[in-house]
Each structure stands twice: as structure tokens, then as C-alpha cells.
Amino acid sequence: MIDERRHQRLRLLISRLNKERKKQGRQIDILCNDLIAAQKHFVKSLKVIGFAADFYEAIMGLTELNELLGAAGNLIKDQVMDVNVAFFLLHNQNFEMHIFESEQPIDLEEKRIENFFTPELVDNIAQSNRICTIEDMLTMGLAANPLYLEKIAAIGIPLNQHGTSLGFILLYRANTRPFSPEELQSIDHVSTGLARGIAACQILASV
């Protein structure tokens with residue numbers, strides 16, 4: 001009788017220990033997953049910061065607009081693979097456009113997407129103060145064949161300086177490679193600094 005009670009207590013103790021071990025195991029798994037997620041986020045943040053540092057170092061001291069945009073376009077293409085880059089700059093109720101193609105251009109029968117941009121649309125995107133998708137651009141006045149737009153992924157990133165919009169950066173590539181949040185964050189992160197550089201070049205050119 002005594003042995004049976006001891007066995008019952010022992011089985012109960014073992015059962016409690018097993019439950020506690022499983023509970024601790026789940027807690028360790030959660031902690032490990034949190035640590036892995038935090039590490040991945042940290043690495044991604046470092047990449048964004050690293051790109052910004054390289055970007056500003058490369059454009060520092062450039063005082064001619066075409067040279068500045070050329071350097072910025074090449075840096076963006078190095079950061080975002082297979083992308084076409086166009087800078088739309090507001091100018092006297094109209095706009096200037098500077099295009100830098102990907103080494104793997106999109107094979108489309110229709111006109112290039114840049115050709116669908118009107119002064120009104122360019123101004124709407126520039127003044128939006130946020131990253132714009134194709135859907136946003138359509139609500140702002142983009143008029144293009146839907147079959148054409150289905151073939152591409154496109155994003156507009158405003159160029160703002162001290163509350164004033166100078167234009168925006170257009171990124172686009174085949175829709176088989178939609179833009180990742182990290183890619184957009186990298187470019188958005190340097191847009192303000194680039195806007196300041198553009199403004200400085202414009203001032204020097206007018207002197």
C-alpha cells in the first residue's frame with residue numbers, strides 16, 4: 001500500500017516535471033524566435049544605414065544637377081536590382097525628367113510608363129508627401145492601358161525639402177519582382193538628403 005502511494009506520488013511528480021519542461025521548452029522557442037526576428041531586423045536596419053552612408057558619401061560635393069542625378073540613379077540601381085529609375089523634377093508649372101534604365105529593360109510593346117505622366121499627375125505625386133503605388137497614381141490621374149500596367153511594379157517616392165516638394169523618384173520593373181519594404185525604405189531614407197542636393201544644384205545653376 002505504501003509502495004503504491006509512493007509510485008503515485010512519483011508518477012505525479014514526473015508528470016508535473018514533464019509539463020514544466022514542455023512549458024519551459026515553449027518559452028525558450030518563443031524567446032529564440034524573438035531573438036532571431038530581432039537579429040534579422042537589426043541586420044536589415046544596418047543595410048539601410050550602410051546604403052545611406054554610401055549614398056551620401058558618393059553625392060557629397062556634386063554641384064551639377066545631371067552629375068548628381070546620374071550618381072544617385074546608379075546608386076539606386078545598385079541597391080534595387082533590375083530597376084528603372086526616373087527623376088521627375090517640378091519646373092515652371094511643368095516638369096523635367098531624367099531617366100536611368102536597368103541593364104535588364106522591360107520588354108513592352110506599349111509606350112514607356114514615363115510617357116503617361118502629365119504635369120498635373122507629376123505635381124499630384126510630388127505633393128502627396130508619401131510613397132505612391134500604381135493604384136495611387138491611377139486615382140491621381142494616371143491614364144494608361146491596364147494591360148500595360150499589369151506588367152510592371154511601380155512606385156513614386158516624393159523628394160521633399162523643408163516642406164517643399166521638388167518632384168519625385170519613379171522606380172519600376174517587371175511585376176514578377178514586386179518591391180520589398182526594405183528596398184523602399186532604403187530609397188525613402190535618402191530621398192530628403194537627395195532633395196537637398198538637388199535644391200543646392202538648382203540654386204547654383206541659377207546664379
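These figures come from a predicted structure and were not determined experimentally.

### What to know about unusual backbone geometry
One non-glycine residue, Q93, lies in positive phi territory at about 65°. With respect to the secondary-structure elements, Q93 resides in the loop between β1 (84-91) and β2 (94-100). Q93 sits in the exposed class, given a relative accessible area of 81%. Although it is not a glycine, N129 sits at a positive phi angle of roughly 60°. Mapped onto the elements of the fold, N129 is located in the loop between α3 (119-127) and β3 (132-133). Accessibility expressed as a relative area gives 58% for N129, which makes it exposed.

### What about the nonpolar core?
Counting 32 residues, the largest nonpolar core has F55, F87, I169, L171, L194 and I198 as its most contacted members. Contributions of two or more residues to this core are made by α1 (2-59), α2 (65-79), β1, β4 (152-161), β5 (164-174) and α6 (181-206). Looking at this core element by element, the count peaks at 8 residues for α6. If we skip the residues at most four places from it in the chain, I198 touches L65, L68, L69, L89, L159 and L166. L121, C132, Y148 and Y172 belong to the second largest nonpolar core, which has 23 residues in total.

### Notes on the sheet that holds β5
Hydrogen bonding along the main chain pairs the strands of a sheet, whether they run parallel or antiparallel. Here we have 5 strands laid out as an open sheet, ordered β2-β1-β5-β4-β3, and antiparallel in their pairing. A strand with exactly one partner marks an edge of an open sheet, and here the two such strands are β2 and β3. For β1 and β5, the ladder comprises 6 bridges, and the chain directions are antiparallel. Within the sheet, the bridge partner assigned to F87 lies in β5 and is I169. Contacts from α2 reach β1, β2 and β5 within the one sheet, and its direction differs from that of β1 by about 145°.

Rules of the game
- Residues numbered from 1 in each chain as written.
- Predicted model: local features only at pLDDT ≥ 70, side-chain atom pairs only at ≥ 80, totals over all residues.
- Heavy atoms only, no water.
- Helix = DSSP H or I, 4+ residues; strand = E, 2+ residues; numbered from the N terminus.
- Buried < 20%, exposed > 50% of the residue type's maximum accessible area, 1.4 Å probe, protein only.
- Core = buried A, V, L, I, M, F, W, Y, C linked by side-chain atoms within 4.5 Å.
- Contact = heavy atoms within 4.5 Å.
- Pairing = 2+ DSSP bridges.
- Axes fitted to C-alpha atoms, helices over the stretch in contact; angles between N-to-C directions.

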